[in-house]
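# Structural features, examined
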Amino acid sequence: LVPYKAKPSSPAQGEWVASTCQGCTQWCAIEIFAQNGRAVRVRGNQASKSNHGYVCPRGHMIPQQMYDPDRIKGPMKRTNPVKGRGIDPKFVPITWDEALDTVADKMIELRKAGETHKLVYLRGRYSSTSTELLYGTLPKVFGTPNYFSHSAICAEAEKMGPGLTQGFFGYRDYDLEKTNCLVAWGCDPLASNRMVPNAIHRVHEIAKRGTVIAVDPRLSNIGTKAHEWLPVNPGTDGALAGAMAHVLLTEGLWNRDFVGDFKDGRNQFVAGKAVDEAAFVEKETHGLVKWWNLELKDRTPAWAEKETLVPAAQIVRVARTMGKAAPKTVVWMGPGVAMNPRGTYAAMAVHALNGLLGSIDVEGGVWQSPTGPKLGSFPKADAYVDEQAKKAAANKKLDGRGAKDMPAMMGARPGSGVVTNNVANGMLKDPGAVKVMIASWANFNFSCTGADRWDKAMAKVPFFVHMVPNPSEMTQFADIVLPSTFNSAEGWSIITNMANGYAYAAIQQPTVKRLWDVKQEETEVMWLLAEKLKAKGFPNLFDYYSKEFKDPETGKAPATAMEFSAIATKMSSAPIWAAKEALPGDAPIKGWAEFRKKGMFSGARYPLKKNWGGKFATATKKFEFYSETLKKGLLEHAKKYETTPDDILAVSGYLARGELAFVPHYEAPKRHGSVQDYPFAFVDYKSRLNREGRSANLPWYQEFKKVDPGDVSWNDVVKMNPADGEKLGLKSGDTVRITSPAGAIVTQLRLWEGVRPGTVAKCYGQGHWAYGRVAAKDYAKAIPNGANNNELLVDDYDRLSGSTARNGGFTGVRVQKV
Ligand code: MGD
Ligand code: MGD
Ligand code: MO
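Predicted model only: the values in this text are computed from it and were never measured. (Residues numbered from 1 in each chain as written. Chains lettered and ligands numbered in written order. Predicted model: local features only at pLDDT ≥ 70, side-chain atom pairs only at ≥ 80, totals over all residues. Heavy atoms only, no water.)

What follows concerns the overall build of the protein chain. Across its full length, the protein chain carries 26 helices and 33 strands. The C-alpha radius of gyration computed for the protein chain amounts to 26 Å, which stays within 12% of the reference 28 Å derived for 818 residues, consistent with globular compactness. If one aligns the C-alpha atoms of the protein chain with their principal axes, the spans along those axes are about 75 × 70 × 65 Å. Expressed as a percentage of its 818 residues, the buried residues of the protein chain come to 64%. Sequence separation of at least 24 residues holds for 71% of the intrachain contacts in the protein chain that already meet a minimum separation of 6. Total accessible area computed for the protein chain in this model is approximately 28,300 Å², and 54% of it derives from carbon and sulfur atoms. (Helix = DSSP H or I, 4+ residues; strand = E, 2+ residues; numbered from the N terminus. Rg over C-alpha atoms; globule rule 2.2 N^0.38 Å. Buried < 20%, exposed > 50% of the residue type's maximum accessible area, 1.4 Å probe, protein only. Contact = heavy atoms within 4.5 Å. Areas by Shrake-Rupley, 256 points an atom, 1.4 Å probe, with all protein chains shown as cover.)

It is worth spelling out the side chain of S359 at this point. Within the secondary structure, S359 sits in the loop between α13 (343-356) and β16 (366-367). Classification of S359 by relative accessible area gives buried; the value is 0%. Engagement of the side chain of S359 in a polar contact is seen with the backbone oxygen of T329, the distance being 3.1 Å. Discounting residues that sit within four places of it in the chain, S359 has contacts with P327, T329, N354, G365 and V366. (Polar contact = N/O pair within 3.5 Å; in protein donor to acceptor, adjacent residues only side chain to side chain.)

Glancing now at the packing of aromatic side chains. Inspection of every chain in the model, using the stated rule, returns 37 aromatic pairs. Here Y544 and F549 contribute two aromatic rings whose centre-to-centre distance is 5.3 Å and whose plane-to-plane angle is 80 degrees, an arrangement assigned as edge-to-face. As far as burial versus exposure is concerned, Y544 and F549 are alike and both buried. Among the aromatic residues, ring-to-ring pairing joins F378, Y384, W527, F542, Y544, Y545, F549 and F564 into one connected group. Across the ring face of W16, the terminal group of R43 is positioned such that the distance to the ring centre comes to 3.9 Å. Against the face of W96 rests K519, its NZ or CZ located 5.2 Å from the ring centre. (Phe/Tyr/Trp six-rings, centres within 6.5 Å; stacked < 30°, edge-to-face > 60°. Lys NZ or Arg CZ within 6 Å of the ring centre and 35° of its normal.)

This part takes up the domain arrangement of the protein chain. Domain boundaries in the protein chain define domain 1 (157-369 + 611-627) and domain 2 (680-817). Here domain 1 and domain 2 have C-alpha centroids that lie 30 Å from each other. Counting residues at the interface gives 29 residues for domain 1, matched by 29 residues for domain 2. In total, domain 1 and domain 2 occlude about 2,000 Å² of area from one another, counting both sides; carbon and sulfur atoms represent 59% of this. Per-residue buried area on domain 1 facing domain 2 is highest for R218, M339 and P341; these three make up 31% of the total on that side. Between the two partners, domain 1 and domain 2, sit 0 salt bridges. At the boundary of domain 1 with domain 2, the tally comes to 11 residue pairs in polar contact (both at pLDDT 80 or more). Taken together, the elements giving at least two residues each to the side of domain 1 that touches domain 2 come down to α4 (156-166), α6 (221-225), α12 (335-338) and α13. Take the side of domain 1 that touches domain 2: its biggest share by element is 3 residues, from α13. (Domains from an automatic or database assignment. Buried area = accessible area lost by both parts, 1.4 Å probe. Salt bridge = Lys/Arg side-chain N within 4 Å of Asp/Glu carboxyl O.)

This next bit is on α13. Helix length check: α13 (14 residues) gives 20 Å between terminal C-alpha atoms against 20 Å at 1.5 Å per residue, within 8%. Judged by how many residues are buried, α13 sits mostly within the fold: 14 of 14 residues are covered. Looking one or two residues past α13, G358 carries a phi angle of roughly 65 degrees, positive in sign. (Expected span 1.5 Å × (residues − 1).)

This part covers the sheet that holds strand β3 (residues 38-44). As summarised here, the arrangement of the 3 strands in space is β1-β2-β3, forming an open sheet in which the pairing is antiparallel. Where the open sheet ends on each side, the last strands, each with one partner, are β1 (15-20) and β3. Looking at each pair of strands side by side, their axes are set apart by 35 degrees on average, direction ignored. Relative to β3, strand β2 (residues 29-35) runs antiparallel, the two being bridged by 6 bridges. If you follow I32 over to β3, its bridge partner there is V42. (Pairing = 2+ DSSP bridges. Axes fitted to C-alpha atoms, helices over the stretch in contact; angles between N-to-C directions.)

Neighbouring ligand 2 are 34 residues, the closest being A191, S192, D216, D237 and N690. Between ligand 2 and the protein, one listed contact pairs an oxygen atom with a side-chain N or O atom of R218 at 2.9 Å. In the complex, 98% of the free accessible area of ligand 2, which totals 920 Å², lies under the protein chains. The set of elements that each furnish at least two residues to the shell around ligand 2 consists of α12 and β24 (680-686). Top contributing element to the shell around ligand 2 by residue count: β24, with 4 residues. (Near = heavy atom within 4 Å.)

Spanning 17 residues, helix α21 (residues 561-577) covers 23 Å between terminal C-alpha atoms, matching the ideal 24 Å at 1.5 Å per step. The largest bend in α21 is about 40 degrees, located at M571, with the proline P575 one to four residues further on. (Bend = angle between axes of the 7 residues up to and from the residue.)

Moving on, we come to the nonpolar core. Ranked by size, the top nonpolar core spans 79 residues in total, and within it W185, M244 and M322 carry the most contacts. Apart from the residues within four sequence positions on either side, M244 is in contact with W185, L230, I315, V318, A319, M322 and L353. Within the second largest apolar cluster, 46 residues are counted, among which are Y384, M467, F538 and F564. (Core = buried A, V, L, I, M, F, W, Y, C linked by side-chain atoms within 4.5 Å.)

For the pair helix α19 (residues 521-535) and α21, interaxial distance at closest approach is 8 Å and the crossing angle is 135 degrees. On the basis of their axis angle, the class for α19 and α21 is oblique. α19 and α21 meet at a crossing whose hand is right-handed. Contacts between α19 and α21 pair T523, E524, W527 and L528 from the former with A561, M562, F564 and S565 from the latter. (Parallel < 35°, antiparallel > 145°, perpendicular 65-115°, else oblique. Left-handed = near helix turned anticlockwise from the far one by under 90°.)

On to the pairing of strand β26 (residues 735-739). Summarising the sheet, β26 and strand β27 (residues 744-751) pair through 5 bridges and their orientation is antiparallel. Following the sheet pairing, V736 is matched in β27 by T747. The loop that links β26 with its antiparallel partner β27 comprises 4 residues. Where β26 and strand β33 (residues 812-817) come together, 4 bridges link them in antiparallel fashion. Looking at the pairing, V736 lines up with K817 of β33.

Topologically, M437 is positioned in strand β17 (residues 436-440). The class for M437 is buried, based on a relative accessible area of 0%. For the pair M437 and A12, spaced 425 residues apart in the sequence, the C-alpha separation amounts to 46 Å. In contact with M437, not counting residues within four places along its chain, are V120, L122, M427, M458, V461, F463, F464 and V465.

Moving on, we come to the pairing of strand β20 (residues 493-499). Counting buried positions along β20 yields 6 of 7 residues, so the element is predominantly enclosed. The hairpin formed by β20 and strand β21 (residues 502-508) contains 2 residues between the paired strands, and N500 there has a positive phi angle of roughly 60 degrees.

Turning our attention to the packing of helix α7 (residues 237-250) against helix α10 (residues 301-308). It is the contact of α7 with α10, at a shortest axis distance of 9 Å, that shows an interaxial angle of 165 degrees. The orientation of α7 with respect to α10, classified from their angle, is roughly antiparallel. When you trace α7 past α10, the crossing you get is left-handed. For the pair formed by α7 and α10, the contact residues are A239, L240, A243, H246 and V247 on the first element and P301, W303, A304, E307 and T308 on the second. Its residues assigned to classes, the contact of α7 with α10 comprises 7 nonpolar, 2 polar and 1 charged. (Nonpolar A, V, L, I, M, F, W, Y, C, P; charged D, E, K, R; others polar.)

Let us look at the state of the cysteines. In total, this model carries 0 disulfides according to the counting rule given. The thiol of C181 is not disulfide-bonded; the next cysteine sulfur, from C187, is found 14 Å away. (Disulfide = S-S within 2.5 Å.)

Let us now look at the pattern of salt bridges. Side-chain pairs of opposite charge can arise whenever the charged atoms involved come near each other. Following the criterion strictly, the structure yields 57 salt bridges and no others. Linking E659 and K631 is a salt bridge whose minimum nitrogen-to-oxygen distance equals 3.9 Å. Note that E659 is positioned in the loop between α24 (645-651) and β24 and K631 in helix α23 (residues 628-640), a separation of 28 residues in sequence. Bridged by salt links that share partners, the residues D97, D101, D105, K532 and K536 form one connected network.

Below you can see the structure in the form of structure tokens.
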């Protein structure tokens, strides 16, 4: 096979305009082909070292998302005061002027009543830099502690793995160019997770020279290409990881350079036998022998087979393959491991394998984020924060973070992590807590588990403003709808991310003329709203925006919303294009015009062994197999409640007690619904066509849905193993009701060997009862096409991180023919 190298050249007349895709969290630098004022095609930014000039299938969907005929064309107000699912809001068009007057009036009422903390802002997706002008500034200057990002419904629990072992609470990068053994564990990097274009680019090379392994209860895209597929029993990843660690240690396959060795060079790791701590000298790590004695010594493959349902022989074979390829072995851990009620420990267990394998920070291994170009920060808003705002900001947050049973220890600091999905519970408990709510780029009535709680909570909000391009589920509860730009093609901002060893900053800029009366929420809308607030007696926000922001080229202050948007973007990116000396990384960019044309700048490649030699950001500065970092955090949280870590773990739903709590270990999965009543574990995953929750209205999504293994175009099937189908007398094409302790959905069944018996799998993304004519079967009657998994999944949390559970088979379901 001759690899396809040629980049297609287009005979079409037009211009490639640089921008950034935000269809997933990779935030690829892209170029959009603009022809006679129309965006028609998308490719990766040709200068990108992270995506190699290509986008994944979702990038190609940008024109359809942008020109979606169901986009909101102008501001609207609600005329039906009754709110609820299926209740027509009776929206009528209004002007931006009227819309923002109304919003400002409501906000001024709060200021006058001394209740500014009753303003709540919810943020879904956002831009890297201009989010500071809304999320960062509005709550601070206006005065409310109640601003919440979506990140805890995203993948926060995953960060606890690298966080509590190596002090890096972030997403890892992987040197796939040099990797010889890739283990995709609880994620599907050819289809989702981060770095999809780079994974597509590299995985076939790894498969040729080495080994690709997939750990996933369902046959994923990478599973179909892998040498080994381990269809793990959902929620038992900690057991599988423990057994692999057991094999690596008993067979002497750990990496001596990183981990160290026994003083006498003789391997004393023998199943069932404790080891003397003094016998082993560690190098870059801390607590290996403690980990062995507390957890690993009894975690034999035979034991793990019973928990994980993965054959012991396969566990041994795979562990040996990983060990032999080390340190060029990558354990790429994803939310499938972590986003479950005991996910913190599973994430630690799986990520700790990278420590044993010595793949941390080495060639072919697992890296922390490279350093990208330094960006300009916005001027401080402190001088515009008055006493009232300061006092109000001290109120309690609605998401319950830091409660005794919700440690939310992001960064190992108790109470520091957002608990997004718990906001709905906070609202239901105290209906008076929210008077004015603003949300942007979020659709929590669809994207959060236990979705009906959001329907109930939002129905009670007296005044809700939604800033989105599509009339989604959450929009149906709005009093004012402010149509947003589709930011990848219509907005201004600077977006940062990393992949393939490089961190970069990329521009978003207006690619073509806007067809509809839309505005960018973080910049344009904030400017106009601030102007209104000033006119009504609260000048602080407008004074900050209009006095502190200056065009870095001309020194001119913004005079209009559009100027504010562009100037903020220029301020963020000026250190790149106005640098006095060449920056590490790409060739210098000279001036704003050249930056707009090139669209991105990548920093220097990740330096190897960056954190070796005692530079990890942990309590011991080492890679911690015994997490002193977690211990410190848990003790601090326990102290606040005058209790013990054991008590905290008990009330938060974890099983470990004593010292076990501080090492990566297996916790038997928590499950809602008895196996008797709900015999199947539900497996949720993303479509390779999901632009998060926002592509179901695109005909291309529906037409090409079959690209997801086991799925069917123009359908939203639930997949069951044929052996289970036979037992229940069910066949492909049957309409079935899936019932969980939280709710029920109806969809079509497909029998498929790619799910393990005892589980059913269904893709997330469809089941919209709003959004548009393709996503919903009947938008007017609120009847969905397909079914939303979040009406089934139970509202529960990995409480150490505050994350919402969606994986690990924690929701039991039954399947019946209707
Ligand atoms: P989305 O649902 O992707 O975001 O969930 P949310 O943060 O709620 O999009 C929300 C809204 O953004 C849409 O209604 C759309 O109208 C609007 N929008 C689209 N483009 C733009 C734009 O350019 N500008 C603005 N202002 N708005 C825009 C995401 C969340 O969902 C995440 S991150 C994850 S990882 C979870 N994934 C997931 C899953 O895999 N399974 C299940 N069951 N639930 C999940 N929910 C989570
Ligand atoms: P999840 O959607 O949670 O994470 O996105 P992903 O890495 O895709 O997928 C969970 C995976 O784990 C699935 O393959 C599922 O089958 C598997 N799984 C479920 N339970 C278990 C279990 O118990 N054990 C194991 N080992 N596996 C299990 C994260 C990332 O993806 C995020 S946060 C966002 S916001 C982006 N969204 C996105 C998107 O919407 N679409 C696509 N195509 N890519 C995306 N990339 C980003
Ligand atoms: Mo996410």
